[in-house]
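The chain contents come next:
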Amino acid sequence: MSKVIKRNYKVTGMTCSACGKAVERAVKKIDGVTSQSVNMATEKINIEYNSDKVKFEDLESVVKKAGYNLLEDIKYSKIDFKIGGMTCASCAKAIERVVDKLDGIDSINVNIATEKATINYDSSKLKLTQIRNAIEKAGYKVLEKSESKIPNIDEDKIRKEKEIKSLFTKFIIAVGFSIPLFYIAMGPMISKPFGPWPVPSIIDPMLNPLNYALIQLLLVVPVMIAGNKFYTNGFKALINKSPNMDSLVAIGTLAAFLYSAYTTFKMATTDMMVGHGHHQLYYESAGIIIALILLGKYLESKSKGKTSEAIKKLMGLQPKTAIVIKDEKEIEISIEEVEVGDIIIVKPGSKIPVDGIVIEGHTSVDESMLTGESIPVEKNVGDKVTGASINKNGSIKFRAEKIGSDTVLSQIIKLVEDAQGKKAPIAKLADTVSGYFVPAVITISLVSALLWFIFGSKDLEFVLTIFISVLVIACPCALGLATPTAIMVGTGKGAENGILIKGGEALELSHKIDTIIFDKTGTITEGKPQVTDIVVSKDIDKNYLLKIATSAEKGSEHPLGEAIVRYGEEKNVEAFKVEEFKAIPGHGIEVTIDNKTVILGNKKLMDDKKIGLGNLKEKSDKLATQGKTPMYIAIENELAGIIAVADVVKDSSKKAIEKLHSMGIKVAMVTGDNKKTADAIAKEVGIDIILAEVLPQDKSNEVKKLQKQGKFVAMVGDGINDAPALAQANIGIAIGNGTDVAMESADIVLMRSDLMDVPTAIKLSKETMKNIKQNLFWAFGYNTIGIPIAAGVLYIFGGPLLNPMFAAAAMSLSSVSVIGNALRLKKFKAYK
């Protein structure tokens, strides 16, 4: 007996999604391989194959021919760590470097916006404590370990609020001492007509210069204590050879402080500095820089909290308790205590706690949290219910089927979190630059200061201004936040609209789509046949014919027969008693009703029974050309009428295709149906390219053909028989009702069956990419312009010299402005 097994293998040498697709295509050709899926984030391929036919050596050889390497299966564990103490992209790179050096690490991805590290590691070689120690040794704090269940939203919220409150307190302390410090330091230097600002004679720099220096020293110390994290984190990062933003602030402000302290000491011990020593004090620069950066950090922290609001809303949907029936008693228990198989009762107005199947009662359920549809869905015995949806008007009992991390809501949250954590290709540019940026800035500041000292001004005060200004203005916060913040808001906004984007790469690449292939059944159409026309001969009443047909098909299990029965029930038809029933496979049925022989079926059945179509032939042909299936009903061997059944087009299909056309996108339809039916559907909705009579296994070949023409192709399907085509396409878009959330083959999952979500997803990609480019332009442009100005380029040509305090303000403003720009995506409007 053959054995089908699933294995994960490591693939090396892949650089982009096209590589992943190439590996999938190569492996797919091996006889015995039943499915394959490459995950670019982990560089792994999941393969299902017949172990009697396929050996590892076969897989390895094929992958090697494609230009890549396949490594033996390693059981990697995955862990998410919440990281504290990160201040910029350099921090994220530092953590990635130190952890990546550990033996047993498969991959690590640190996201500065979500403050999370996602690590794949070999648990046989490496323990969690070793990873934790490496991170903490680098100067950062591991706040929590995320388990495979819904995160505790309350704990996360409390921690964030505590962090924001702490930053605000530190800012208030800093600004409280910096304002009088600035007044005392700058007041005597204000020239007419405004000043000078009055100061007491005891600290007047011309009368008591030492007191003037000492009062500033006393005022700046509390400010530096409030900003102590800049020094502890910054110098620890320097020692670990991974300097970050804190390192720049620490070096700059400490240099200002030490220079000023040295000047104060000289004023106290010699007479040489009296009268002009106060001009060489830099206490106010150190104080104001720290105060401004703390303000920037506070505003940044508050803004970053807003970027993850969508996922917080999803987390908050989960009810805290459930009412289970034990020993015929209703007991309220915590949601964590619910087990598979528990019988749960949900009363009107309550949230459904977990996923399950209704076993008693009927109700309507608001599933808008899942699908975005505001109309409640009727639920009866045997129907599925989803956790976090709201029971509207009836009391039901259901059996718990999925709990904890297996529920649809948990999968959605996990998918959105993973998407926010994965880096888009465009982010690699910012990451690469950020990795070298801080060391480069320190070098530029030193070189600039030395050049001015050697070839320009010998004045240490001037040289120190250059040194501090370059260090402070060039912090790479804006650069590191440019991409992840936009991706966080974009994926969150998608989730709000029922569009689940499975990674930054999918979000980035979707705007390139120029051709979309739609599966027909269940995608463009409803996926279930419906009665569209009833045509009768002269002597028969329509209601009577429907009554006869409904009665006859009651015993049939054929989808077309079920459509007739369903239509009859909707019209409240009272069925006749069926006396005899005979199924004729592939043709139809023959029954006896009211002592009359009724034959119901296709044209072949009518031909076999030698029943002519008479005056209904023209109408029959017309129905067929419209893509409808005529079902012929004969009573006592005479044709009584025709009931046409069709898989009707969704209301949103034509509108969605028109919107795609307006976006300049070509639309194709692939179907296994005959050409005539496909043409009829295509004409109705406005399809450009018709691919008819295509077998499910050949759909991916149709995608390949378009790709060979240079098209960037998206495939839209129901995620089941379309999986190979979804994997082959540049972007796979699966339409599902929540059951396909974790589907590996698609890049984007549409929770609703509304095709308008396809152009909405593309629009969201375009808006997000536009936002990212704006952020990167601002971040790169800001540093490109700011560093030369801080280094004194304008001063050479008679322009101004940048004051370190203005440099600090500009640096803080750049980070806040980038996050503020990303938050504009929250105003994104979906197509209706």
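From a predicted model like this one, the values you see are computed outputs, not experimental measurements.

Focus on the sheet that holds strand β20 (residues 530-536)
To summarise the sheet geometry, strands pair through backbone hydrogen bonds and adopt either a parallel or an antiparallel arrangement.
Link 1 in the chain: Taken together, six strands build an open sheet; the order of strands is β20-β25-β24-β23-β22-β21 and the sheet is antiparallel. With partners counted over all chains shown, the strands left at the sheet margins are β20 and β21 (578-584), one partner each. Between one strand and the next, the sheet's axes are offset by a mean angle of 20°, whatever the strand orientation.
Link 2 in the chain: Across four bridges, the pairing between strand β23 (residues 596-601) and strand β24 (residues 629-635) is antiparallel. What sits directly across from I599, in β24, is A634.

Brief notes about the pairing of β21
Link 1 in the chain: Where β21 meets strand β22 (residues 588-593), six bridges bridge the pair, whose relative direction is antiparallel. Bridged to A583 within β22 is I589.
Link 2 in the chain: Hairpin connection, β21 to β22: the antiparallel pair is bridged by three residues, and G586 has positive phi, about 80°.

Let's talk about the nonpolar core
Link 1 in the chain: Formed by 54 residues in total, the largest nonpolar core has its most connected members in L294 and I468.
Link 2 in the chain: At the level of elements, α5 (153-186), α6 (209-226), α7 (228-239), α8 (245-269), α9 (283-307), α13 (425-455), α14 (460-473) and α26 (757-790) are the ones that each hand at least two residues to this core.
Link 3 in the chain: Here this core takes nine residues from α8, the largest share from any one element.

Quick look at unusual backbone geometry
Link 1 in the chain: One non-glycine residue with positive phi stands out, namely E328, at about 60°.
Link 2 in the chain: Among the structural elements, E328 can be located in the loop between β9 (321-326) and β10 (329-334).
Link 3 in the chain: One non-glycine residue, E636, lies in the positive phi region at around 55°.
Link 4 in the chain: Looking at the element boundaries, E636 is found in the loop between β24 and β25 (638-646).

Remarks on the packing of aromatic side chains
Link 1 in the chain: Overall, the coordinates contain six aromatic pairs when judged by the stated rule.
Link 2 in the chain: Plain terms: the ring middles of F257 and Y283 are 5.9 Å apart, the flat faces sit at 65° to each other, and that makes the pair edge-to-face. With F257 in helix α8 and Y283 in helix α9, this residue pair connects regions lying 26 residues apart in the sequence.
Link 3 in the chain: On the basis of relative accessibility, which here comes to 16%, the residue F257 falls in the buried class.
Link 4 in the chain: Given a relative accessible area of 0%, Y283 falls into the buried group.
Link 5 in the chain: When the centroid spacing of 5.9 Å and the interplanar angle of 70° are considered together, the rings of W452 and Y795 count as edge-to-face. Remark: Y795 occurs in helix α27 (residues 793-796) and W452 occurs in helix α13; sequence separation between them is 343 residues.
Link 6 in the chain: Residue W452 is classed as buried on the basis of its relative accessible area of 15%.

Brief notes about the environment of N543
Link 1 in the chain: Among the secondary structure elements, N543 is positioned in helix α18 (residues 542-553).
Link 2 in the chain: According to the relative accessible area criterion, N543 is exposed, its value standing at 59%.
Link 3 in the chain: A sequence separation of 28 residues divides N543 from K571, and the C-alpha atoms of the two residues are 9.2 Å apart.

Some remarks on the packing of α7 against α8
Link 1 in the chain: Contact geometry of α7 with α8 gives a least axis separation of 7 Å together with a crossing angle of 110°. Of the possible angle classes, the one that applies to α7 and α8 is roughly perpendicular. The way α7 lies across α8 gives a crossing that is left-handed. Of α8, the residues touching α7 (which contributes K229, F230, Y231, N233, G234, F235, A237 and L238) are M245, D246, S247, V249, A250, I251, T253 and L254.
Link 2 in the chain: Its residues placed into classes, the contact of α7 with α8 shows ten nonpolar, four polar and two charged.

Describing the pattern of salt bridges
Link 1 in the chain: The full count for this structure, using the stated rule, is 13 salt bridges.
Link 2 in the chain: Residue E569 pairs with K554 through a salt bridge whose shortest N-O separation is 3.3 Å. Within this pair, whereas E569 is found in helix α19 (residues 559-570), its partner K554 is found in the loop between α18 and α19, the two being separated by 15 residues in sequence.
Link 3 in the chain: Taking relative accessible area as the criterion, E569 reaches 48% and is therefore assigned partly exposed.

Overview of the packing of α8 against α14
Link 1 in the chain: At a closest axis distance of 8 Å, the pairing of α8 and α14 adopts a crossing angle of 160°. One element, α8, and the other, α14, form an angle in the roughly antiparallel class. The two elements α8 and α14 cross, and the hand of that crossing is left-handed. For the pair α8 and α14, the contacting residues are L248, I251, G252, A255, A256 and Y259 in the first and L460, E461, L464, F467, I468 and L471 in the second.
Link 2 in the chain: In the contact of α8 with α14, the residues fall into ten nonpolar, one polar and one charged.

Here's the deal with the pairing of strand β28 (residues 713-717)
Link 1 in the chain: The element β28 is extensively covered by neighbouring structure, given that five of its five residues are classed as buried.
Link 2 in the chain: Residues V713, M715 and G717 point to one face of β28 and A714 and V716 to the other, with burial holding for every one of them.
Link 3 in the chain: Bridging between strand β19 (residues 515-519) and β28 involves four bridges; their strand directions are parallel. Counted as the bridge partner of F518 is V716 from β28.
Link 4 in the chain: Taken together, the four bridges between β28 and strand β29 (residues 731-735) define a ladder with parallel strand orientation. The residue bridging A714 from the neighbouring strand is I731, located in β29.

Observations concerning the confidence of the model for the protein
Link 1 in the chain: The predicted model of the protein averages 80 in pLDDT, with 85% of residues at 70 or higher.
Link 2 in the chain: Across residues 272-277, confidence stays below pLDDT 50; counting only partners more than four residues off in sequence or on other chains, it has eight contacts.
Link 3 in the chain: Taken as a whole, residues 738-742 scores under 50 in pLDDT and shows 15 contacts with residues more than four places along the chain or in a different chain.

Definitions and limits used
- Residues numbered from 1 in each chain as written.
- Predicted model: local features only at pLDDT ≥ 70, side-chain atom pairs only at ≥ 80, totals over all residues.
- Heavy atoms only, no water.
- Pairing = 2+ DSSP bridges.
- Helix = DSSP H or I, 4+ residues; strand = E, 2+ residues; numbered from the N terminus.
- Axes fitted to C-alpha atoms, helices over the stretch in contact; angles between N-to-C directions.
- Core = buried A, V, L, I, M, F, W, Y, C linked by side-chain atoms within 4.5 Å.
- Buried < 20%, exposed > 50% of the residue type's maximum accessible area, 1.4 Å probe, protein only.
- Phe/Tyr/Trp six-rings, centres within 6.5 Å; stacked < 30°, edge-to-face > 60°.
- Parallel < 35°, antiparallel > 145°, perpendicular 65-115°, else oblique.
- Left-handed = near helix turned anticlockwise from the far one by under 90°.
- Contact = heavy atoms within 4.5 Å.
- Nonpolar A, V, L, I, M, F, W, Y, C, P; charged D, E, K, R; others polar.
- Salt bridge = Lys/Arg side-chain N within 4 Å of Asp/Glu carboxyl O.
- pLDDT = per-residue confidence, 0-100.

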